[in-house]
Amino acid sequence: MLPVNAGPIGVFDSGYGGLTILRRMRKILPQYDYLYLGDNARAPYGPRSFDVVYQFTREAVEKLFSMGCHLVILACNTASAKALRTLQMNDIPRWDPDRRILGVIRPTAECIGDITKSRHVGILATEGTIRSKSYDMEIHKLFPDIVVTGVACPLWAAIVEANEADSEGAEYFVKKRIKQMFSADDKIDSVILGCTHYPMLLNSIKKHIPQGVQIIPQGDYVANSLKTYLNRHQLLEEKITKGGTVRYLTSENPERFKECAQVFLNDGEELSVQQTTLQASQQQEL
């Protein structure tokens with residue numbers, strides 16, 4: 001049986017980018033406890049197949065559920081694109097119908113209808129997210145009239161994790177992909193940053209985005225959507241502990257995690273980090 005006691009909000013990402021989402025969640029919803037899990041040893045997920053991303057994400061969600069989380073946020077666009085729906089439809093009913101898994105794509109898609117005036121939207125994301133067409137599908141469910149142009153940016157996440165976001169090399173690749181996007185559709189007036197790493201490249205992105213085009217990082221939209229969700233689901237909200245704490249799990253070396261995490265958090269906070277192992281099944285723990 002799954003534990004029934006209250007627990008933290010679980011936040012999962014394949015690497016470090018989800019920390020940009022966690023940071024905004026803690027800003028808007030500081031009262032809750034959070035448990036962040038980064039599968040840093042197997043990152044990046046972007047180039048991996050649907051089956052592999054689903055398997056890895058399933059293992060991570062099982063781990064967080066086994067540690068008392070009743071709600072898990074996939075703070076990873078690739079996991080949200082390739083694994084969320086299968087987890088919600090196939091796994092949650094078997095594990096515990098009262099548990100919840102939410103992603104980052106839907107909240108971002110919901111906001112776009114009020115932002116774009118031209119009804120032409122650009123998506124900058126990983127290869128896996130673009131290939132999945134998850135943003136196209138979510139946006140068209142809500143706003144069938146919007147034209148979506150997605151461009152894969154395969155090196156951007158690696159540039160950020162190498163702490164080279166403000167380098168000349170980073171600017172070259174940012175400029176290249178933005179030029180590609182506007183060459184495909186010069187009517188775009190809103191651009192979604194469809195990877196949690198990309199806010200770290202915001203300085204370079206702003207230099208090369210045409211004037212007047214709205215740039216949409218996900219953090220605030222996801223955090224505000226979560227706030228609304230918890231207000232609507234009080235029974236779930238009551239199962240979340242409220243101590244204002246955050247703990248970190250990584251499948252990599254904890255010291256390396258601490259070092260790299262500061263690139264994304266940039267607040268000097270002393271992190272409580274524990275190494276964990278993700279296995280093909282945590283069923284015995286559930």
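Residues numbered from 1 in each chain as written. Predicted model: local features only at pLDDT ≥ 70, side-chain atom pairs only at ≥ 80, totals over all residues. Heavy atoms only, no water.

1. Side note on the pairing of strand β1 (residues 9–13)
Then, number 1: Counting buried residues along β1, five of its five residues qualify, which places the element largely inside the surrounding structure.
Then, number 2: Side chains I9, V11 and D13 of β1 all project onto a buried face; the interleaved residues G10 and F12 project onto the opposite face, where all are buried too.
Then, number 3: The pairing of β1 with strand β2 (residues 34–38) spans five bridges and is parallel. Residue pairing across strands places G10 opposite L35, the latter belonging to β2.
Then, number 4: Handedness of the β-α-β unit built from β1, helix α1 (residues 18–28) and β2 comes out right-handed. (Buried < 20%, exposed > 50% of the residue type's maximum accessible area, 1.4 Å probe, protein only. Helix = DSSP H or I, 4+ residues; strand = E, 2+ residues; numbered from the N terminus. Pairing = 2+ DSSP bridges. Right-handed = clockwise from strand over helix to strand, strands pointing away.)

2. A closer look at the packing of aromatic side chains
Then, number 1: Taken as a whole and assessed by the stated rule, the structure comprises ten aromatic pairs.
Then, number 2: Ring centres of F12 and Y45 lie 6.1 Å apart, and the angle between their planes is 50 degrees; this geometry places the pair in the tilted category. With F12 in strand β1 and Y45 in the loop between β2 and α2 (50–66), this residue pair connects regions lying 33 residues apart in the sequence. You'll find F12 and Y45 in the same group, each marked buried.
Then, number 3: Between F65 and W95, the ring centres sit 5.7 Å apart and the planes meet at 85 degrees, which makes this aromatic pair edge-to-face. Here F65 is found in helix α2, whereas its partner W95 is found in helix α4 (residues 84–95), with 30 residues between them in sequence. (Phe/Tyr/Trp six-rings, centres within 6.5 Å; stacked < 30°, edge-to-face > 60°.)

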